[in-house]
Amino acid sequence: FHEKTGPDEDTIGIGVNAVGRGKLAKLTTHFDAVSCSAWRGGLRQAAWKEPMSHWLPLYVHRLHAQQAQPLLEEGLSLLAQSVPIDDDSHLPMILRLSLASTGIPQVAVNAMAVLPEMMHQLVKQVLEGDRHASLKLLKVWRHALRFATRMPAGGDEVGW
């Protein structure tokens, strides 16, 4: 929204705000489109002045995803440091143990930690009566589904 560029000119993503640690950790996204150029240029507020501390590229199409792969890995790695871990995690223990023992790529482990936390915060916003959050929730589900279906075990779609 800021630079008014599309996915053919720049990598498009979303801003995420990470605050707190442990049980108090929260990942909140406002789902305003932010180009990589705008992010690197110092943009740190969403359209309604909400803070953004991190940036994640979106899966727009295959070429966009291939070009954004290093940025996605970096963003997920940084955000994974901010999510609740161990007993504070929103992931079931069996899933956490399974992720640790399967040998899947670290980017997939980070995605499994980050995306549910973002979803958790959006569901909380919806339950607290934030009408705009319900629209954001639908967008997150759509993008998470596109991301997940294009990142199979071998990562064939985007080269993982």
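Parameters at a glance
- Per chain, residues are indexed from 1 in the order of the written sequence.
- Predicted model: local features are reported for residues with pLDDT of at least 70 only, side-chain atom pairs are reported and counted for 80 or more only, and whole-chain, interface and lining totals are derived from all residues.
- Only heavy atoms go into the side-chain values, all of them from the structure, while hydrogens and water stay out.
- Labels follow the DSSP assignment, with helices taken as runs of H or I lasting at least four residues and strands as runs of E lasting at least two, numbered in each case from the N terminus.
- Whenever a nitrogen or oxygen atom comes within 3.5 Å of another N or O atom, the pair is scored as a polar contact, on the condition that within protein one atom can donate a hydrogen and the other can accept it, and that pairs from neighbouring residues in sequence are kept only if both atoms are in side chains.
- Among buried residues, the Ala, Val, Leu, Ile, Met, Phe, Trp, Tyr and Cys ones that are joined through side-chain atoms within 4.5 Å form a nonpolar core.
- When a residue's accessible area, from a 1.4 Å probe over protein chains only, is under 20% of the maximum for its type it is buried; when over 50% it is exposed; and in between it is partly exposed.
- In what follows, a contact means two residues having at least one pair of non-hydrogen atoms within 4.5 Å.
- For every element, the axis is a line fit to its C-alpha atoms; helices are fit only across the contacting stretch, and the angle between N-to-C directions ranges from 0 to 180 degrees.
- In what follows, roughly perpendicular refers to angles from 65 to 115 degrees, roughly parallel to angles under 35, roughly antiparallel to angles over 145, and oblique to any angle outside these ranges.
- Note: crossing handedness is left-handed where the near helix turns anticlockwise from the far helix by less than a right angle, and right-handed where it turns clockwise.
- For this classification, Asp, Glu, Lys and Arg are treated as charged, while Ala, Val, Leu, Ile, Met, Phe, Trp, Tyr, Cys and Pro are nonpolar and the rest, including Gly, are polar.
- Aromatic rings from Phe, Tyr and Trp, taking only the six-membered ring of Trp, are treated as a pair when their centres fall within 6.5 Å; an angle between ring planes under 30 degrees marks them as stacked, one over 60 as edge-to-face, and anything in between as tilted.
- In this analysis the charged atom, NZ for Lys or CZ for Arg, is taken to sit over a ring once it is within 6 Å of the ring centre and within 35 degrees of the ring normal.
- In this scheme, strands are said to pair when DSSP sees at least two bridges between them.

> Just to check I follow, could you spell out the side chain of Asp10 for this structure?
Among the structural elements, Asp10 can be located in the segment before strand 1 (12-19). For Asp10, the side chain forms a polar contact with the side chain of Ser35, separated by 3.4 Å. Of note is the side chain of Asp10, whose polar atom sits 2.6 Å from the side chain of Ser37.

> When you look at the nonpolar core in this model, what are you seeing that I'm missing?
In summary, soluble globular proteins display a tendency toward joint burial of nonpolar side chains. The biggest cluster of nonpolar side chains holds 16 residues, and the ones touching the most others in it are Leu27, Leu56 and Val114. Elements supplying a minimum of two residues to this core: strand 1, strand 2 (26-35), helix 2 (62-80) and helix 4 (106-127). For Leu27, the contacting residues outside a window of four places in its chain are Val16, Asn17, Ala18, Leu79, Ser82, Val83, Val114, Glu117, Met118 and Gln121. Grouped together as the second largest cluster of nonpolar side chains are nine residues, Val34, Cys36, Trp39 and Trp55 included.

> How should the packing of helix 2 against helix 4 be read in this particular structure?
The angle between the axes and the distance between the axes are what describe a pair of packed helices. Orientation of helix 2 relative to helix 4, taken along the N-to-C sense of each, is 55°, at an axis distance of 9 Å. If you check the angle between helix 2 and helix 4, you find them oblique. In the crossing of helix 2 with helix 4, the sense of the turn from one axis to the other is left-handed. Contact with helix 2, carried on its side by Glu73, Leu76, Ser77, Leu79 and Ala80, involves Val107, Asn110, Ala111 and Val114 of helix 4 and no other residues of that element. A per-class count over the contact of helix 2 with helix 4 returns six nonpolar, two polar and one charged.

> Is there a simple way to explain the side chain of His54 in this structure?
Along the chain, the position of His54 falls in strand 3 (residues 54-57). In this structure the side chain of His54 is engaged in a polar contact, spanning 2.7 Å, whose partner is the side chain of Ser53. Apart from residues lying up to four places away in sequence, His54 is in contact with Ile14, Gly15, Val16, Ala18, Trp39, Leu78, Leu79 and Ser82.

> So what exactly am I meant to see when it comes to the packing of aromatic side chains here?
Pairs of aromatic rings are described using the distance from one ring centre to the other and the angle between the two planes. This structure, assessed with the given rule, holds zero aromatic pairs. Across the ring face of Trp39, the terminal group of Arg44 is positioned such that the distance to the ring centre comes to 3.5 Å.

> For this particular structure, what's the right way to read the pairing of strand 1?
Every regular strand shows the same layout, with side chains that alternate between the two sheet faces. Counting buried residues along strand 1, seven of its eight residues qualify, which places the element largely inside the surrounding structure. By the bridge criterion, seven bridges tie strand 1 to strand 2 in an arrangement that is antiparallel. By the bridge assignment, Val19 is partnered in strand 2 with Lys26. In sequence, strand 1 turns back onto strand 2 through a hairpin of six residues, with Gly20 there showing a positive phi of about 75°.

> Please clarify how the sheet that holds strand 1 should be interpreted in this entry.
Two orientations exist for strands paired in a sheet by backbone hydrogen bonds: parallel and antiparallel. Judged by pairing direction, the sheet is antiparallel, and its three strands sit side by side in the order 2-1-3 without closing on themselves. The open sheet is flanked by strand 2 and strand 3, the only strands paired with a single partner. Strand-to-strand twist across the sheet, computed as the mean angle between neighbouring axes with direction ignored, equals 30°. Those strands touched by helix 2 are strand 1, strand 2 and strand 3, and its axis lies near 145° from that of strand 3. On the sheet, helix 4 packs against strand 1, strand 2 and strand 3 and is oriented at approximately 95° with respect to strand 2.

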